[in-house]
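Listed below are the residues making up each chain.
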There are 2 protein chains.
Amino acid sequence: MMPEWAGRGGATGRLEDDMSTPTTRPATLDDVARAAGVSRSTASRVIARTGFASPAARDRVAAAVDRLGYVPNPAARALVRGAGVRLVIAVSGTDATVLDDPYVDRVAGTAARVCAPHGLGVALEWLPLRGPTGLRRLGEDRGVCGVVLVNTTQPVLDAMPAGLRGRVASIGIGSVAVPSFDVDNGAGADAVVRHLCDTGRRRIAMVTGPRWLTCAGRSVAAYRALMRAAGLPVRLVAGDFTAARGGRAALEVLSRWPDTDAIFAASDATALGAISALRGRGIRVPGDVAVAGFDDIPYAAVSTPALTTATHPVRRIAEAAATAVLDGRRVPPVTAFPSTLVARDSA
Amino acid sequence: MMPEWAGRGGATGRLEDDMSTPTTRPATLDDVARAAGVSRSTASRVIARTGFASPAARDRVAAAVDRLGYVPNPAARALVRGAGVRLVIAVSGTDATVLDDPYVDRVAGTAARVCAPHGLGVALEWLPLRGPTGLRRLGEDRGVCGVVLVNTTQPVLDAMPAGLRGRVASIGIGSVAVPSFDVDNGAGADAVVRHLCDTGRRRIAMVTGPRWLTCAGRSVAAYRALMRAAGLPVRLVAGDFTAARGGRAALEVLSRWPDTDAIFAASDATALGAISALRGRGIRVPGDVAVAGFDDIPYAAVSTPALTTATHPVRRIAEAAATAVLDGRRVPPVTAFPSTLVARDSA
DNA sequence: GTGAAAGCGCTAACAC
DNA sequence: GTGTTAGCGCTTTCAC
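Treat the numbers as computed from the prediction; the structure is a model and nothing was measured. (Residues numbered from 1 in each chain as written. Chains lettered and ligands numbered in written order. Predicted model: local features only at pLDDT ≥ 70, side-chain atom pairs only at ≥ 80, totals over all residues. Heavy atoms only, no water.)

A. Representation of the protein's contact with DNA strand D within the structure. Around DNA strand D, the surrounding shell holds 23 residues, and the nearest of these are L29(A), Y70(A), R77(A), S41(B) and S54(B). Considering the 4 Å shell around the protein, atoms of DNA strand D inside it are sugar or phosphate in 53% of instances. Side-chain polar atom of Y70(A) to a phosphate oxygen of DNA strand D: 2.4 Å apart, as the coordinates give it. Between DNA strand D and A76(A), the relevant distance is 3.4 Å, taken from a base nitrogen to a main-chain nitrogen or oxygen of the residue. Elements that contribute at least two residues to the surface near DNA strand D include exactly α3 (40-48) and α5 (74-81) of chain A together with α3 (40-48) and α5 (74-81) of chain B. Looking at which element gives the most residues to the surface near DNA strand D, the answer is α3(B), with four residues. Of the residues belonging to the surface near DNA strand D, the class tally is ten nonpolar, eight polar and five charged. (Near = heavy atom within 4 Å. Polar contact = N/O pair within 3.5 Å; in protein donor to acceptor, adjacent residues only side chain to side chain. Helix = DSSP H or I, 4+ residues; strand = E, 2+ residues; numbered from the N terminus. Nonpolar A, V, L, I, M, F, W, Y, C, P; charged D, E, K, R; others polar.)

So, in structure tokens, the structure goes:
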């Protein structure tokens, strides 16, 4: 009996070819079609699950695919379909250092996992806050199959190129053209600040995220609302999600309002930086000042003191956003993810 | 003066075309060639920097590229070159949870940044420890332009498919066929343990990385050697780089050797977990037990107490590895990166 | 239901 | 130096 693989490796069918080439050329659609005794078109239809095919043909193609270990060439596929070949994670920010945030790595890593089975990959780019040139370029790049926006702003959303329609999603705020996958910041912040109040804190300051970031603004709004409702003073200092800025901000809080007894930070990194700076001043957490974060990064639970924060399903969010643009199916305009208080030791 | 972008969107130059088509078709090589008044080949040569071209042609093509905002289609390029279109980060491990490590996200994120300007993307995959099937599949997948190995083992290296030769790199140990981009673990561990000794610690335990991971073994070897040379007891407990395991390991250390006065953890996460567990037992760090980590993750500096560790240029390493496989140029078989002691407060 | 044929955009021989 | 030509592997009308 002739070995099943004898037909692989060349149109000539010369067995010598196979033997002389230790690296057998990966099977192509042609190989599959020939092995299955059908035309390329039929094989293509069966494999891409598009169009019709008789059960018989279907089976034989499937068997051939299996036997040959056939994997479609994503480049060829993308080329003929006019589709792209990489998913771009576009992170808005004032400068390229926004890409240094571990949160961005987490989103990229998650998306890279989602892309793998599709034969695609993810690229990471900084989207300058000013000038919509970046987005336009992405829309025109035929190598781009889709875009996931991170930290998006309204101007960016407004400048969305029509060419990107249907293959863009936002982790954060969205628009009619851009489905949003977002955390319910408002509720989360509300829960955290409420917890601070419930545990006896009264002079609560907040270190915010970057001013230009709309979705971070919702936390600030929630904090403001709660403070006002409770007749407590509003004490705001601007941060940028980094630990370094968090430390400086905490010190600023203390110098402006020395009687502060709690700090709500817009990110865990900010909170960690604040705690570190406070400790450097001999201030105890949570004894003297309670500190709460926002995000529940992987190290929040093992920091000292264990960080009180709001937990967000970042992996699930990134996965949902990436999947949405890859599948290209219509998705609801906004998918909200929970932001849930995790009360630990720091507040 | 005519705006620069007026010529965009079509070789015809008919402005009406531009106006009526909100989504201007991205320029192709053909458009560029026509606009520059040369053939496709010449344009291709100039753009891909391959082969010769007269300075005049060069200039005109460059101008056309600029004017049309031409971006080469990576799919077409990959297709004709027989190259792939995505860089795979393959992480070895006993199960898929190895992908959850923030370190892996960091590597993926960094690689995704270096891929972006090349029109490529990165995919993230778990490489089961047993069975070389995974690697073989990657070698046969025509969509894969290269592979970066993470946490590689000798068996994986030995099973390297010939087809991957020249387009694979390893963050960790390498082989004749696989260039290695690695941290000098031995020296780093030596420095950390030496620091522990220098600050008066004598009963030093180590929580290791996974047993099967060769490059982690070098830290253990360095620890062993130093202990032996100093006539100090060797106290080893197996970890897996996670914080959870680090906490349990610390407790185990204490129950087996209650007089332990220092713990050297094979990763910062492990160290953080250990500190957290110790604190839960009322043991003070560094007062009662000093704890040192390994890696210098972004939060090490702001943890409480600030973590003493060895710092590693993870971004630079990942960048070098990704660049090596993307460029495909010959690289030295092993590129060593420094592992440098950072003495902070925890030890 | 199935096959033949026409490209998708690009590169690389090979002639000129 | 430059242009002509032949595909890379796949999808997709369009006849049959």
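B. Looking closely at unusual backbone geometry. At the junction of T304(A) and P305(A), the peptide bond is cis and its omega measures out at -5° in the coordinates. Mapped onto the fold, P305(A) is located in the loop between β9 (290-292) and β10 (309-311). Here the bond from V285(B) into P286(B) is cis, since omega is 5°, no more than 30 degrees from zero. With respect to the element layout, P286(B) can be found in the loop between α12 (268-280) and β9 (290-292). Of note in this structure, R49(B) is not a glycine but carries a positive phi near 55°.

C. Quick look at the interface of chain B and chain A. Each partner contributes residues to the interface: chain B has 58 residues there, and chain A has 57 residues. Broken down residue by residue, the surface that chain B buries against chain A is led by R142(B), Y299(B) and T304(B), which jointly contribute 16%. There are six salt bridges connecting chain B and chain A. Among the ionic pairs, R279(A) bridges to D345(B), the shortest N-O distance being 3.7 Å. (Contact = heavy atoms within 4.5 Å. Buried area = accessible area lost by both parts, 1.4 Å probe. Salt bridge = Lys/Arg side-chain N within 4 Å of Asp/Glu carboxyl O.)

D. Representation of empty space enclosed by the protein in the model. Taken as a whole and assessed by the stated rule, the structure comprises three cavities of 30 Å³ or more. Within this model, the largest cavity holds a volume of roughly 80 Å³. In terms of lining residues, the largest cavity is bounded by L272(A), I275(A), Y299(A), S303(A), T304(A), L272(B), Y299(B), V302(B), S303(B) and T304(B). Across the lining of the largest cavity, the residue classes break down as six nonpolar, four polar and no charged. (1 Å grid on protein atoms, 1.4 Å probe; cavity = no way out; pocket = protein on both sides within 12 Å on 5 of 7 lines; lining within 4 Å. Points joined across faces, edges and corners; volume = space filled by probe spheres on them.)

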